[in-house]
Amino acid sequence: SGPRRPELLASAIGRLDRAMQLDPRLSASHLGLTFLLQYQGRHADAVTAGRRCLELAPSDAECRMFLAFALVFNGQVDEAAGLAERAMALSPLAPGYMHTQHGVVLWATGKLDEAVQAQQRCLQQTPRFVVCRIRRMLALAELGRIDEAQADLAMLRAAGVGDRLLETQAFGAFAASAA
């Protein structure tokens, strides 16, 4: 929570490193590291941390999903798809963030309709989760469902989302799909 600054990420990674020194078998530390490294754009390192998490906790759905998400951004989409499907099977009441990550994996495998459904499940659980709305909008635009994508864009703008994330990533992709 709070402002996202690079020094805070470095501090959090340092704390996770310390936790892993104290107990290298604690999968939660590796899960957190997977997330933070992914957020930093260190995709190969995130995959390594995610694999360690899964090694320590092979039935942990979150380890599977965070690894799958990191694999997508590391270009290993086929492996990601299997991990994500298993993660969802292990989580009959998956939280919103798992639905949005699953949606990204589905999108990466070309299953756009299913990606929209996953983002919709995320929004049903967490209606103000902006990332779900942006990802839903992008998948809708890629499907050619421009009116629905524009409605999502209007909702994002009405909610005050107009930062660089929306402008460069979301709106740019939307405009390209609409052309």
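Located above this text is the structure these notes cover.
Now for a quick tour of the structure. (Residues numbered from 1 in each chain as written. Predicted model: local features only at pLDDT ≥ 70, side-chain atom pairs only at ≥ 80, totals over all residues. Heavy atoms only, no water.)

So, about the pattern of salt bridges. This model, assessed by the stated rule, comprises eight salt bridges. Of the charged contacts, one joins E79 and R51 as a salt bridge, the two residues approaching to 2.7 Å between their closest N and O atoms. Of this pair, E79 sits in helix α5 (residues 77–89) while R51 is found in helix α3 (residues 43–56), placing the two residues 28 residues apart along the sequence. By relative accessible area, which is 35% here, R51 ends up partly exposed. Of the charged contacts in the structure, one is a salt bridge between R145 and D113, with a shortest N-O distance of 3.6 Å. (Salt bridge = Lys/Arg side-chain N within 4 Å of Asp/Glu carboxyl O. Helix = DSSP H or I, 4+ residues; strand = E, 2+ residues; numbered from the N terminus. Buried < 20%, exposed > 50% of the residue type's maximum accessible area, 1.4 Å probe, protein only.)

Our focus in this paragraph is the state of the cysteines. Across all of its chains, the model carries two disulfides by this definition. Each sulfur of the disulfide joining C53 and C63 lies 1.8 Å from the other. Classification of the bridge connecting C53 and C63 rests on its S-S torsion, roughly -50 degrees, and on that basis the disulfide is left-handed. One end of the pair, C53, is in helix α3; the other, C63, is in helix α4 (residues 61–73), with 10 residues separating them in the sequence. The same class applies to C53 and to C63, which are both buried. A sulfur-sulfur distance of 1.8 Å marks the disulfide that ties C122 to C132. When the S-S torsion is 40 degrees, as for the bridge of C122 with C132, the disulfide is right-handed. (Disulfide = S-S within 2.5 Å.)

So, on to the packing of aromatic side chains. Taken as a whole and judged by the stated rule, the model has four aromatic pairs. Look at F35 and F66: their rings are 6.0 Å apart centre to centre, the planes differ by 75 degrees, and that puts the pair in the edge-to-face class. Of this pair, F35 sits in helix α2 (residues 27–39) while F66 sits in helix α4, placing them 31 residues apart in sequence. For F66, a relative accessible area of 11% gives the class buried. A connected cluster of aromatic rings, assembled from ring pairs, spans F35, Y39, F66 and Y97. (Phe/Tyr/Trp six-rings, centres within 6.5 Å; stacked < 30°, edge-to-face > 60°.)

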